[in-house]
Structure formats: C-alpha cells, structure tokens
Amino acid sequence: MQRDSIYALPQGQVVDFAFNEAVADVFPDMIRRSVPGYETIIALLGVIARRYAQPHSRIYDLGCSLGASTLSMAAQVRVEDLSFVCVDNSAAMTRRCEQILQRHLPSGQFQVECADIQAIALNNASVVVLNFTLQFLKPDERLAMLRHIYEGLLPGGVLILSEKLQFADAAEQALLTDIHLEFKRANGYSELEISQKRSALDHVLIPDTFAQHVERLEAAGFTQVVNWFQGLNFASLLAVKA
Ligand SMILES: Nc1ncnc2c1ncn2[C@@H]1O[C@H](C[S@+](CC[C@H]([NH3+])C(=O)[O-])CC(=O)[O-])[C@@H](O)[C@H]1O
Ligand SMILES: O=C(O)C(=O)Cc1ccccc1
C-alpha cells in the first residue's frame, strides 16, 4: 500500500481537495489514517448487507472509491442473483475500482460507472451504501439524493449512511475535533499535513449534525433510523424503507 504524503510539503496556495490520480494512488492509506473506525465500518457493512440483501436485486455502492464496501459485502452476502452497481464521479477511482473488483468478483456480478450519483438510475435496490459520500454533495442537494435512493429501494431495503459529523454543542465539537487531530498525529501525520488537508477540505466536505441526518432521512421517507456506529466525529446510520 502506498503511503499518503500528499500534504507533506508546503504548498503555498492549498487548492480544494479533489479525488484525482494522486489521491486515488494513496487512498486506502489516507482513509485508514484519517477516519477512526473506517476498517470496522467496512467489515460491519458487509454483515449488515447480509441481513438486508434480497434475491434478484441490486446493491448500490455510491461514491465507491476503490470498492472497499462492495468487496466486504460481496464476501458476506449469500443470495441468488444479486448484482453490485458501483458509482463514483472520479475516473481515477473508477478505473482502479474496476481492476480491483475484476480480481475478486465474477464479471457478471458487478458494474462500475463513472458518473455523478445524483444522475444515475437507481432501482430494484435492496441495499444502498453511502460510505462517506453524502458529505461531499452540496447541502441543498442532499435531501433530493436521499429521496432518489428511497424511491429506488425495495420495501424492506436499507440505506447505510456513514458521515463525518458536526456537533451543535461547541464544547463537544471542540473535544471531538481535538481528539480526531490526536488520532491523525498518532497515525503519523505532521502538523503541516493536518493543516493543509483541513484547508483543502474546507467548503468541499461539509458535515451535518446527527439530528440533521435523522430529520433528513425521515423527510425522505425512511421509517427506522438507527445509529449503529460512532468513532469520535465519524458515524454510521442505517435507515430502513418499510
Ligand atoms: N457527486 C458525486 N458522484 C459520485 N461520486 C462522488 C460524488 N461526490 C464525491 N464522490 C466520490 O465519493 C468518494 C468519497 S470517499 C468514499 C469511500 C468509499 N465509499 C469507501 O468506503 O472506501 C470518502 C472520503 O474520501 O472521505 C470519492 O471517491 C469521490 O470521488
Ligand atoms: O481527513 C479528514 O479530516 C477527513 O475528514 C476524512 C477524509 C478522508 C479521506 C479523504 C477526505 C477526507
């Protein structure tokens, strides 16, 4: 695995974060060292998908990056005639994702599309995964995305939504942000790397509060909304369509 050193040297003018070739090359290392609980979430996603996957249906992995969620689900889920649809709008990601999935899954079982997740057809879905992706959409486009997912889900289907969280309480926000910085330092990121990446993500990754997520999921139609994981300021919810 290539080590992430994208923000190691001073950049003068830090440009907006983008999922380009350089990021795609180091992505597994970057996300593991930046998101507390990422590996646990990936492993448990598969277990959750196993419970909700229906025969003759689809699993959508939206903002799939290199396909980690799909690989975990494919290893767990055991139902007849299930296919995976993996979507990402970064060609650097989808090219690598296609190669990785080819090595692990039969070719008839998956497709990888380079597209905006807001523009795809979505239907016959028993499981939809948004693993740290909704946070990159414009805030005023997020409810429409959830409604689109809800419409494409089968009854009894599930959305698994993982996000970086923001907190309404200033002390809680300060505490968890601070511990997250300590987590990055503990994983070998320097002060320069941490601060340059923070500038790059400003205006690009816009977190919501837990209450905003629950309210929006309910507004989209989901009935059961459960917070099944939290590691510092990163959380994952599952939302079921009745
Ligand atoms: N509008 C969009 N349309 C399509 N893709 C998008 C869009 N916006 C962002 N992306 C894509 O969403 C992914 C977010 S990373 C997901 C990790 C993965 N789920 C994992 O479980 O390893 C999370 C992170 O880096 O924090 C990137 O690959 C973007 O190109
Ligand atoms: O690094 C951060 O602070 C994050 O919020 C997570 C992240 C991980 C990988 C790419 C972009 C953001």
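So, how was this worked out
Counting of residues starts from 1 at the beginning of each chain's written sequence and follows it residue by residue. Think of it this way: whatever chain is written first is A, whatever ligand is written first is 1, and the rest follow in order. The predicted nature of this model means local features are confined to residues of pLDDT at least 70 and side-chain atom pairs, given and counted, to a pLDDT of 80 or more, with totals for whole chains, interfaces and linings taken over all residues. Water and hydrogen atoms were dropped before computing side-chain values, which therefore reflect all heavy atoms in the structure. UniProt positions are given in the numbering used here, feature names are shortened, and annotations may be inferred rather than shown by experiment. The helix and strand labels rest on DSSP assignments: H or I over at least four residues marks a helix, E over at least two residues marks a strand, and numbering proceeds from the N terminus. Exposure classes here rest on a 1.4 Å probe applied to the protein chains alone. A residue is buried below 20% of its type maximum, exposed above 50%, and partly exposed in between. By the convention used here, residues are in contact when the closest approach between their heavy atoms is within 4.5 Å. Polar contacts here mean pairs of N or O atoms no more than 3.5 Å apart (in protein, one a potential hydrogen donor and the other a potential acceptor; neighbouring residues in sequence count only if both atoms are side-chain atoms). Lines fitted to C-alpha atoms define the axes here, with helix axes fitted over just the stretch in contact, and angles between the N-to-C directions of these axes take values from 0 to 180 degrees. Angular relationships are summarised with four words: roughly parallel below 35 degrees, roughly antiparallel beyond 145, roughly perpendicular across 65 to 115, and oblique for the angles in between. Here a crossing is taken to be left-handed if its near helix is turned anticlockwise relative to the far helix by less than a right angle, and right-handed if that turn runs clockwise. Any Lys or Arg side-chain nitrogen found within 4 Å of a carboxyl oxygen on Asp or Glu counts as a salt bridge.

Remarks on the UniProt feature "binding site: S-adenosyl-L-methionine" (unreviewed entry) in the protein
(1) Moving on: Mapped onto this numbering, the UniProt entry annotates "binding site: S-adenosyl-L-methionine" (unreviewed entry) at Tyr 38, Gly 63, Cys 64, Ser 65, Asp 88, Asn 89, Asp 116, Ile 117, Asn 131 and Arg 198. In three dimensions, the annotated residues from a span of 161 residues occupy distinct locations, with a maximal C-alpha spread of 24.7 Å.
(2) Moving on: Of note, Gly 63 is situated in the loop between β1 (58-62) and α3 (68-76).
(3) Moving on: The exposure class of Gly 63 is buried, given its relative accessible area of 16%.
(4) Moving on: Once residues lying within four places of it in the same chain are set aside, the contact partners of Gly 63 are Val 87, Asp 88, Ile 117 and Thr 133.
(5) Moving on: Structurally, Asp 88 can be placed in strand β2 (residues 83-88).
(6) Moving on: Asp 88 has contacts with Gly 63, Cys 64, Ser 65, Met 93, Thr 94, Glu 113, Cys 114 and Ala 115, leaving out every residue within four places of it along the chain.
(7) Moving on: In this structure the side chain of Asp 88 is engaged in a polar contact, spanning 2.9 Å, whose partner is the backbone nitrogen of Ser 65.

Digging into the packing of helix α6 (residues 170-186) against helix α7 (residues 191-201)
(1) Moving on: Direction vectors running N to C along α6 and α7 enclose 130°, while the axes themselves pass 10 Å from each other. One finds that α6 runs oblique with respect to α7. The way α6 lies across α7 gives a crossing that is right-handed. Listed contacts from α7 to Leu 181, Lys 184 and Arg 185 of α6 are Glu 191, Ile 194 and Lys 197.

Focus on the pattern of salt bridges
Close approach of charged atoms allows side chains of opposite charge to pair.
(1) Moving on: Using the criterion set out here, one finds 10 salt bridges in the structure.
(2) Moving on: A salt bridge links Glu 21 to Arg 95; the nearest nitrogen and oxygen atoms lie 2.7 Å apart. Taken as a pair, Glu 21 in helix α1 (residues 21-34) and Arg 95 in helix α4 (residues 91-104) lie far apart in primary sequence, 74 residues in all.
(3) Moving on: Classification of Arg 95 as partly exposed rests on a relative accessible area of 46%.

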